[in-house]
Amino acid sequence: MALSSGIGPVAARSAREQSSSRLRRLARGAATRSSRVGLFVYALTLGGLLGLASADYATSGGYPFGGTSIGSWTAWPRAGSLDSDPYARAVNARRGDIPLAVGEGMLLTAASDDEGRTLDARCSYRLAGVTPPARAWTITVTGRGALPPGQEPVRTGFTSTEILRETDGRFAILLSPEVQPGNWLPMPRPSGPVRLALRLYDTPVAASVGSLDRDSLPAIERTGCGS
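Residues numbered from 1 in each chain as written. Predicted model: local features only at pLDDT ≥ 70, side-chain atom pairs only at ≥ 80, totals over all residues. Heavy atoms only, no water.

### Overview of the sheet that holds strand β9 (residues 194–201)
Neighbouring strands of a sheet are bound in pairs by backbone hydrogen bonds; such pairs are parallel or else antiparallel.
Right, on to step 1. Taken together, six strands build an open sheet; the order of strands is β1-β2-β3-β9-β5-β6 and the sheet is antiparallel. Either end of the sheet is taken by a strand with one partner, and the two such strands are β1 (68–70) and β6 (157–159). Pairwise comparison of adjacent strand axes, ignoring direction, gives a mean angle of 20° for this sheet.
Right, on to step 2. Across eight bridges, the pairing between strand β5 (residues 136–143) and β9 is antiparallel. From the neighbouring strand, Gly-143 faces β9, where its bridge partner is Val-194. (Pairing = 2+ DSSP bridges. Helix = DSSP H or I, 4+ residues; strand = E, 2+ residues; numbered from the N terminus. Axes fitted to C-alpha atoms, helices over the stretch in contact; angles between N-to-C directions.)

The following block contains the structure:
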């Protein structure tokens with residue numbers, strides 16, 4: 001009886017220790033699995049947020065790919081074609097634009113002056129020269145993102161039919177935050193980068209970007225810059 005009563009408590013302690021050990025192992029396994037699941041969810045969430053942020057940035061301005069540089073201007077010959085890249089289609093959809101199809105015209109944009117400096121809304125610029133041959137053209141200025149409420153600009157662009165020209169057909173547009181005589185184009189916002197867009201309609205250069213050179217496009221000269 002003494003031997004039997006001595007074995008009972010030992011067996012009970014051993015059973016309790018084994019049970020406690022199993023519980024600890026189960027807890028460690030659950031913690032490991034929970035940590036792996038949490039890490040997976042975190043990585044998935046972070047990747048999704050970074051993807052959305054990069055897509056938003058890439059489509060909130062101009063076309064990110066497919067341009068041909070001509071001095072400070074960039075031509076986009078296939079922005080409106082059926083085989084345009086997905087980013088171009090996303091930019092058009094986000095802005096609600098109907099791009100010029102191949103054969104209808106040509107879009108050119110500029111985000112820097114002839115010295116390679118980013119176009120700044122606090123500065124003044126002179127756009128002078130000629131445009132490639134076209135039935136009609138427009139030139140507009142925009143900033144990145146939506147305008148602040150109640151701050152719509154007086155004018156956002158000129159057309160070829162309304163611009164004042166020199167006797168030889170050349171013209172000069174003054175892009176400035178301050179009122180200027182002649183062809184004045186006000187800045188669309190108080191500060192930040194801006195972008196110019198030159199649209200040529202029914203132009204022979206739409207068939208071949210290679211026919212364009214720097215002298216056939218307006219020069220962009222910075223004439224002053226505020227503090």
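### Concerning a positive patch on the surface
Right, on to step 1. A grouping of Arg-22, Arg-24, Arg-25 and Arg-28 is seen on the molecular surface, where their side chains present a positively charged patch.
Right, on to step 2. Mapped onto the elements of the fold, Arg-25 is located in helix α1 (residues 2–59).
Right, on to step 3. The class of Arg-25 is partly exposed, set by a relative accessible area of 47%. (Patch = residues over 30% accessible without salt bridge, like charges linked within 9 Å, V, L, I, M, F, W, Y side chains within 5 Å. Areas by Shrake-Rupley, 256 points an atom, 1.4 Å probe, with all protein chains shown as cover. Salt bridge = Lys/Arg side-chain N within 4 Å of Asp/Glu carboxyl O. Lys, Arg positive; Asp, Glu negative; His and termini not counted. Charge placed at Lys NZ, Arg CZ, Asp CG, Glu CD. Buried < 20%, exposed > 50% of the residue type's maximum accessible area, 1.4 Å probe, protein only.)

### What about the state of the cysteines?
Right, on to step 1. This model, assessed by the stated rule, comprises one disulfide.
Right, on to step 2. Note that Cys-123 is cross-linked by a disulfide to Cys-225, the S-S spacing being 1.8 Å. Of this pair, Cys-123 sits in strand β4 (residues 123–129) while Cys-225 sits in strand β10 (residues 219–225); the two residues are 102 residues apart in sequence, bridging distant segments of the chain.
Right, on to step 3. The buried category is assigned to Cys-123, whose relative accessible area is 0%.
Right, on to step 4. For Cys-225, a relative accessible area of 43% corresponds to the partly exposed category. (Disulfide = S-S within 2.5 Å.)

### Remarks on the packing of aromatic side chains
Right, on to step 1. All chains considered together, the criterion is met by one aromatic pair.
Right, on to step 2. Over the ring of Phe-158 we find Arg-155, and its NZ or CZ is 4.3 Å from the ring centre. (Phe/Tyr/Trp six-rings, centres within 6.5 Å; stacked < 30°, edge-to-face > 60°. Lys NZ or Arg CZ within 6 Å of the ring centre and 35° of its normal.)

### What about the environment of Val-209?
Right, on to step 1. You can see Val-209 is positioned in the loop between β9 and β10.
Right, on to step 2. Separated by 139 residues in sequence, Val-209 and Ile-70 place their C-alpha atoms 9.4 Å apart.
Right, on to step 3. The contacts of Val-209, once residues within four sequence positions are left out, are Thr-68, Ile-70, Ala-75, Pro-77 and Met-106. (Contact = heavy atoms within 4.5 Å.)

### Topic: the sheet that holds β10
Right, on to step 1. One open sheet holds the four strands; their spatial order is β8-β7-β4-β10, and the pairing between them is mixed. Either end of the sheet is taken by a strand with one partner, and the two such strands are β8 (183–186) and β10. Pairwise comparison of adjacent strand axes, ignoring direction, gives a mean angle of 25° for this sheet.
Right, on to step 2. Inspection of the sheet shows β4 paired to strand β7 (residues 171–176) by five bridges, in the antiparallel sense. The partner of Ala-128 across the bridge, within β7, is Ala-172.

### Concerning the side chain of Ser-160
Right, on to step 1. Within the secondary structure, Ser-160 sits in the loop between β6 and β7.
Right, on to step 2. For Ser-160, a relative accessible area of 14% puts it in the buried group.
Right, on to step 3. Ignoring anything within four residues of it in the chain, the contact list for Ser-160 reads Ala-136, Trp-137 and Arg-165.

### Focus: the nonpolar core
Right, on to step 1. Judged by nonpolar contacts, the single largest core of 30 residues is most densely connected at Trp-73, Leu-108 and Leu-196.
Right, on to step 2. Of all elements in the fold, only β2 (73–76), β3 (105–110), β4, β5, β7 and β9 reach the threshold of two or more residues within this core.
Right, on to step 3. A per-element tally of this core places β9 first, with four residues.
Right, on to step 4. Not counting residues within four places of it along the chain, the set of residues in contact with Leu-196 comprises Trp-73, Leu-108, Thr-109, Ala-110, Leu-119, Leu-127, Thr-140, Val-141, Leu-175 and Ile-220. (Core = buried A, V, L, I, M, F, W, Y, C linked by side-chain atoms within 4.5 Å.)

These figures come from the coordinates and say nothing about function on their own.
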